[in-house]
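Chains, contacts and geometry: an overview
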Amino acid sequence: MVGREKFDEELQKVQKLLIELSNTAIDTLNTSMDYLLGSNIEGALSVINHDIHINHMEEEINDRVILLIAKQQPVAKDLRRLMVLVKIASDMERIGDYAVNIAKETIRIGKDEHIEPIYLLDEMRVKTIAMLKQILDAFIHENMDEARKIAKQDDEVDELYGHAIRTLLNVGVQKPEQLSQVTQLSFVCRYLERSADHATNLAERLLYLLKGKHYELNN
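This one's a predicted model, so the numbers in the text were calculated from it and none came from an experiment.

Here Ser 39, not a glycine, exhibits a phi torsion of approximately 50°, which is positive. Note on placement: Ser 39 falls in the loop between helix 1 (2-37) and helix 2 (41-72). By relative accessible area, which is 12% here, Ser 39 ends up buried. In this model, Glu 142 sits at a positive phi of 50°, which is unusual for a non-glycine residue. Mapped onto the elements, Glu 142 comes out in the loop between helix 4 (118-141) and helix 5 (144-148).

In structure tokens:
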């Protein structure tokens, strides 16, 4: 019984660290978009410099899980939870990378006046951040119903992504001098769309954790 209590204690520490990592990654993505919209170069640089903190948290989660497996030899259900924690940490670290990529595009655009379609990127940001927060809350409370709702919201982000890309390309045709910014904002659209995809990945991982079966919510 002592061994089980020790395992549960260590598992709770890993899950707490994962929630911290997740909140940090989501907040960083949101903040990076704020800096883009505000042409805040110093802020964008701070996002890039802060990325190492997110990377270290993911590494710590991986190290703790490896130790738990090696020392505690968890049973199938516990092992499944540990593997899910590692995969979610990887998803969240990738979202942190997207925040860094957006910051780099912010620096490339600099203080140039933004082209009008940038408002579509803000709409994508709002929906993507909402998805990520929703699935994190669903994970904390192990809420399958909320997890299943994510796929529909991902479709909405995909639609916005398509609309934004078409609008940006149209600007590039009409105003060739803006082609550089069109390209940079198109990349930002892609990073947001991929972040929303990761929210769907997280929903699938939660369903696997709770049901022991793999689900593909985008099909």
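For the rest of this paragraph, the subject is empty space enclosed by the protein. Tallying each qualifying case throughout the model produces one cavity of 30 Å³ or more. Volume-wise, the largest cavity comes out at about 60 Å³. Counting residues per element, the ones that place at least two in the lining of the largest cavity are helix 1, helix 3 (76-109) and helix 4. Per-element accounting of the lining of the largest cavity gives the leading share, three residues, to helix 4. By residue class, the composition of the lining of the largest cavity is seven nonpolar, one polar and no charged.

Enumeration according to the criterion identifies one aromatic pair in this entry. For the ring pair Tyr 98 and Tyr 191, a centre distance of 6.1 Å and an interplane angle of 20° mean the geometry is stacked. In this pair, Tyr 98 is assigned in helix 3 and Tyr 191 in helix 7 (residues 179-211), connecting sequence segments 93 residues apart. This pair shows no difference in class: Tyr 98 is buried, exactly as Tyr 191 is. Taking NZ or CZ as reference, Arg 80 lies 5.8 Å from the ring centre of Tyr 208, over its face.

Quick look at the pattern of salt bridges now. In the structure shown here, the tally under the stated rule is 15 salt bridges. Here the salt bridges share partners, and the residues they tie into one network are Lys 6, Glu 9, Glu 10 and Lys 13.

Ranked by internal contacts, the top residues of the largest apolar core, which has 64 residues, are Leu 29, Leu 36 and Ile 135. Those elements that provide at least two residues to this core are helix 1, helix 2, helix 3, helix 4, helix 6 (150-174) and helix 7.

Criteria and cut-off values
Residues numbered from 1 in each chain as written. Predicted model: local features only at pLDDT ≥ 70, side-chain atom pairs only at ≥ 80, totals over all residues. Heavy atoms only, no water. Helix = DSSP H or I, 4+ residues; strand = E, 2+ residues; numbered from the N terminus. Buried < 20%, exposed > 50% of the residue type's maximum accessible area, 1.4 Å probe, protein only. 1 Å grid on protein atoms, 1.4 Å probe; cavity = no way out; pocket = protein on both sides within 12 Å on 5 of 7 lines; lining within 4 Å. Points joined across faces, edges and corners; volume = space filled by probe spheres on them. Nonpolar A, V, L, I, M, F, W, Y, C, P; charged D, E, K, R; others polar. Phe/Tyr/Trp six-rings, centres within 6.5 Å; stacked < 30°, edge-to-face > 60°. Lys NZ or Arg CZ within 6 Å of the ring centre and 35° of its normal. Salt bridge = Lys/Arg side-chain N within 4 Å of Asp/Glu carboxyl O. Core = buried A, V, L, I, M, F, W, Y, C linked by side-chain atoms within 4.5 Å.

No statement about biological role is implied by the geometric values presented.
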